[in-house]
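# Per-entry structural report
Listed here are the chains, written in short residue letters.
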Amino acid sequence: MSTRPLRVLALVCSTRPGALGPIVGQWLIETLTPRAAELGVEFVPVAISDLSLPFLDEEAHPSSGEYRHEHTRRWSETVDAADGFIAITPEYNHSMPATLKNALDYLSREWAWKPIGFVSYGHTSAGTRAVQHAKQVVTTLRLVPLGATVAIRIGEAVQDGRLRPDPARQAAGVGLLDELVRVAHALRPMRERAQADACAGPLPGSYVRPLTADDAGQVTVLQRCCWVDEALANDSLAIPALHESPEQVRDWLATWHTTGLWLDGRLLGMVRTRRVGTDWHVGRLAVVPDLRGRGVGRWLLRTAEAAADPACDRIVLFTGARSQYNIDLYHREGYRTVSSANPDGTTSLAKPVV
Ligand SMILES: Cc1cc2nc3c(=O)[nH]c(=O)nc-3n(C[C@H](O)[C@H](O)[C@H](O)COP(=O)(O)O)c2cc1C
């Protein structure tokens, strides 16, 4: 699972002149910014009044992702880039404001598998009826509403146009962010699987996606566990994959195209490829020890081969000269040994690009 920092939008929903919403939003930002820094969360204020969203004016259903208007495309990018939301919402006639419902209705896939918390305000009910209605709506979009909440009674909380300091409210705000971050992390595999660049993997529920520098931690762990067998087979610890630091892994992830196989947030396997002249280099083929012998390595190898640059005429790979298990797999997949005893203790194999 990626270690990219979470991005949380604080969404001020009321848009009328003189609204209390921006004041509540300001209190939330001031209260949560230190905690967000501790949690490594990027906390981004967004006001619906700044989005220039008219009442939904797109022809196609949002699930199509076909957006004709610039305001929709901008809103789509903003929501897509976020990992969770805090809606700062008033109660209007026992429900959420139309502005929030409209902003929700504009999009579809962009909301999915992200947590949403609510900071509500109103009179006797402190905006809680608005939140109850909003929860019904957001679940349709696969947003996941939190149990933690902040509910503000305007009559008690507002003084001279500001929110009075209130330690209980402040603690509730921090609790809301803490819960949001935990749920956002837990839902990350669901979000990753739903992303456009993720495709189904060979095991039920698994998926593959390109690995980035943010995956360096998991790749380092996978390498350390997978290349122990290589070390034993070759009676040598001089194997780069065993020694690379997360920083070194981060560096090569930037220069290779690497495909990761995931299941429920666990990196099960990977393979990296790149073009060198007219050769298509395939390397770092790895599968976690408990899933070996189930065709996962072969599946990853074939995926790497299928991605070969058409300008290449052969596929080349290396393994330990005494890694018989790997060599047998590569021979079965049509590779021929090119050099069986390279100076670094590896053997190289190749097969034509078909
Ligand atoms: C159209 C409208 C409907 C309202 N309905 C309710 C309501 O059902 N319950 C409630 O507690 N307050 C209600 N209020 C009072 C609001 O909670 C209060 O005016 C609040 O400041 C509105 O948020 P805003 O200033 O950010 O727009 C309503 C206010 C407006 C403008």
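Relevant structure appears above.
Rules of the game
Residues numbered from 1 in each chain as written. Predicted model: local features only at pLDDT ≥ 70, side-chain atom pairs only at ≥ 80, totals over all residues. Heavy atoms only, no water. Buried < 20%, exposed > 50% of the residue type's maximum accessible area, 1.4 Å probe, protein only. Helix = DSSP H or I, 4+ residues; strand = E, 2+ residues; numbered from the N terminus. Pairing = 2+ DSSP bridges. Right-handed = clockwise from strand over helix to strand, strands pointing away. Contact = heavy atoms within 4.5 Å. Axes fitted to C-alpha atoms, helices over the stretch in contact; angles between N-to-C directions. Parallel < 35°, antiparallel > 145°, perpendicular 65-115°, else oblique. Left-handed = near helix turned anticlockwise from the far one by under 90°. Nonpolar A, V, L, I, M, F, W, Y, C, P; charged D, E, K, R; others polar.

### Observations regarding the pairing of strand 12 (residues 279-287)
Side chains on a regular strand alternate between the two faces of the sheet. When you tally the buried positions in strand 12, you get nine out of nine residues, the bulk of the element. Judged from the seven bridges that link them, strand 11 (residues 266-276) and strand 12 form a sheet pairing that is antiparallel. The residue of strand 12 that forms the bridge with Val276 is Asp279. Each parallel crossover has a hand, and for strand 12 linked through helix 11 (residues 296-306) to strand 13 (residues 314-320) it is right-handed.

### Describing helix 11
Along an α-helix, a turn takes 3.6 residues, which lines up residues three or four apart on a common side. Burial in helix 11 covers these residues: Val296, Gly297, Leu300, Leu301, Ala304 and Glu305. As for helix 11, its buried residues are in contact with strand 10 (257-263), strand 11, strand 12, strand 13, helix 12 (324-332) and strand 15 (346-352).

### Points about the environment of Leu203
Within the secondary structure, Leu203 sits in the loop between strand 8 (199-200) and strand 9 (207-210). Leaving out residues up to four positions away in the same chain, Leu203 has contacts with Leu268, Leu291, Arg294 and Val296.

### Quick notes on the pairing of strand 13
The buried count for strand 13 comes to five of seven residues, which makes it a mostly enclosed element. For strand 12 and strand 13, the ladder comprises three bridges, and the chain directions are parallel. Residue pairing for strand 13: His281 is matched across the bridge by Val316. Relative to strand 15, strand 13 is paired through seven bridges, and the arrangement is antiparallel. Opposite Ile315, over in strand 15, you have Lys351 as the bridge partner.

### Brief notes about the packing of helix 1 (residues 21-39) against helix 6 (residues 167-194)
Following both chains from N to C, one finds helix 1 and helix 6 inclined at 45°, their axes separated by 10 Å at the closest point. Classed by the angle they form, the pair helix 1 and helix 6 counts as oblique. Viewed along their axes, helix 1 and helix 6 form a crossing whose handedness is right-handed. Contacts between helix 1 and helix 6 involve Trp27, Thr31, Leu32, Arg35, Ala36 and Leu39 from the former and Arg169, Gln170, Gly173, Val174, Leu177, Asp178 and Val181 from the latter. When grouped by side-chain class, the residues that make up the contact of helix 1 with helix 6 number seven nonpolar, three polar and three charged.

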